[in-house]
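# Topology and contacts: notes
Read off the chains here:
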Amino acid sequence: MQIQWYPGHMAKAKRMMQGDMKLIDVVIELVDARIPYSSKNPDIDVLAKNKSRVILLNKSDMADQRYNNDWKEYFETKGFHVALVNSKSGSGVKQVQDIVQKACQAKIERDRKRGILNRPVRAMIVGIPNVGKSTFINSFVGKASTKTGNKPGVTKGKQWIRLNKFIELLDTPGILWPKFEDQTVGLKLAFIGSINDTIINTTDLSLELILLLQQRYPEVLTNRYEVTLPEIVDSKQTAAGVLEQIAIKRSCLMKGGEPDLDRAAILLIDDFRSTKLGTITLEYPDKKI
Ligand code: G4P
């Protein structure tokens, strides 16, 4: 399945972010803990050169707990400061302030030597659409903050949120686009719902999901739908057989009683996205597949 989706405003967003980079000390990048590789945009490494870097593995509640720490360690070995968070519940969000300060230690030290004390570090949140940027900002900022407004001369036109005396946050997150060139990346983004469903063939997508789940989590389909899987599910054709069984088990039937594969496909994808199939991670640090 070919996924092609190049939003027109991509270049403009990137230019804006380039401008904003000059104003900040640290970039806090959100990635989706279920697909940390596919939801991370390599452009940011270029844009944020020389900045302190923090990676938040967001939606960690939806990912397989067994791999969350592997990903954390992986990014740490690459030199990032990392935290596992669930922005929706707020779990893990509190530690982010300490992590940001640690990431900016060298800058704070430099300031101190130059006699600048207690200048807050300036941070920007970035990430691909739907990764949870707004949810994180709301959770991180809470009610305690105040908008500091424009700072004449320095940050013209920009709104900053003063979190406390240590951190100021640019109030508009930077939107990055995922790596569309790689089709397996596109598929994973589609599975988690980061690509507009209207440009995707849902039935085809569900077959791809069945193939991937069969490789990685062979028990989830039998557990949820009580289907009997063929010994080998390695082609669209065999996956379609599984989808047909799901349709029958879940009474997704057409008028004449034929299995309604399109409805079963939507059901399966919805179940995956709402973690009804379980907490699932679709790629691992060593393989990134
Ligand atoms: P964005 O600004 O990066 O585009 O993402 P946004 O915050 O709008 O979040 C996208 C969706 O992801 C929202 O769900 C949000 O609730 C959910 N979300 C964000 N962070 C987490 C997390 O850590 N864990 C879980 N489980 N969900 C998270 P929605 O369905 O679009 O909205 P809502 O029904 O939750 O309000």
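Looking up the protein in an unreviewed UniProt entry gives the name Ribosome biogenesis GTPase A, with the organism given as Variimorphobacter saccharofermentans. The Function (unreviewed entry) field of the UniProt record for the protein holds the comment "Required for a late step of 50S ribosomal subunit assembly. Has GTPase activity." The Subcellular location (unreviewed entry) comment attached to the protein in UniProt states, word for word, "Cytoplasm".

## Brief notes about the overall build of the protein
Of the regular secondary structure elements, the protein holds 11 helices and eight strands. Structurally, the protein occupies a C-alpha span of about 75 × 35 × 35 Å along its principal axes. Counting only residues that meet the buried cut, the protein has 50% of its 289 residues in that class. Considering only contacts within the protein whose residues lie at least 6 apart along the sequence, 69% involve residues at least 24 apart. Accessible area for the protein stands at about 14,400 Å²; split by element, carbon and sulfur atoms hold 50% of it.

## Overview of the site of the ligand
In the neighbourhood of the ligand, 15 residues make up the surrounding shell, with Asp-61, Ser-87, Lys-133, Ser-134 and Thr-135 lying closest. Residue Lys-59 places a side-chain N or O atom 3.0 Å away from an oxygen atom belonging to the ligand. Looking at the shell around the ligand, the element that brings in the most residues is helix H6 (residues 133-141), giving three residues. Split by residue class, the shell around the ligand holds four nonpolar, seven polar and four charged.

## Some words on the side chain of Lys-133
By the secondary structure assignment, Lys-133 is in helix H6. Buried within the structure, Lys-133 lacks any salt-bridge partner; Glu-29 is the closest side chain of opposite charge, at an N-O distance of 10 Å. Within the local environment of Lys-133, its side chain forms a polar contact with the backbone oxygen of Gly-127, the two atoms lying 3.3 Å apart. The contacts of Lys-133, once residues within four sequence positions are left out, are Leu-30, Ile-125, Val-126, Gly-127, Ile-128, Pro-173, Gly-174 and Ile-175.

## Comments concerning the environment of Ile-246
Within the secondary structure layout, Ile-246 lies in helix H10 (residues 236-249). Residue classification places Ile-246 among the buried positions, given a relative accessible area of 0%. When the C-alpha atoms of Ile-246 and Ile-116 are compared, they prove to be 64 Å apart, with 130 residues separating the residues in sequence. When sequence neighbours within four positions are dropped, the list of residues in contact with Ile-246 reads Leu-221, Tyr-225, Val-227, Leu-267 and Leu-268.

## Some points on helix H7 (residues 183-192)
Most of H7 is tucked away, with eight of its 10 residues classed as buried. Among all positions of H7, only Val-185, Gly-186, Leu-187, Lys-188, Leu-189, Ala-190, Phe-191 and Ile-192 are buried. Buried residues belonging to H7 abut strand S1 (26-32), helix H8 (202-216) and helix H11 (261-273). Phi turns positive one or two residues past the end of H7, at Gly-193, with a value near 95 degrees.

Cut-offs applied
- Residues numbered from 1 in each chain as written.
- Predicted model: local features only at pLDDT ≥ 70, side-chain atom pairs only at ≥ 80, totals over all residues.
- Heavy atoms only, no water.
- UniProt positions renumbered as here; feature names shortened; annotations may be inferred.
- Helix = DSSP H or I, 4+ residues; strand = E, 2+ residues; numbered from the N terminus.
- Buried < 20%, exposed > 50% of the residue type's maximum accessible area, 1.4 Å probe, protein only.
- Contact = heavy atoms within 4.5 Å.
- Areas by Shrake-Rupley, 256 points an atom, 1.4 Å probe, with all protein chains shown as cover.
- Near = heavy atom within 4 Å.
- Polar contact = N/O pair within 3.5 Å; in protein donor to acceptor, adjacent residues only side chain to side chain.
- Nonpolar A, V, L, I, M, F, W, Y, C, P; charged D, E, K, R; others polar.
- Lys, Arg positive; Asp, Glu negative; His and termini not counted.
- Salt bridge = Lys/Arg side-chain N within 4 Å of Asp/Glu carboxyl O.

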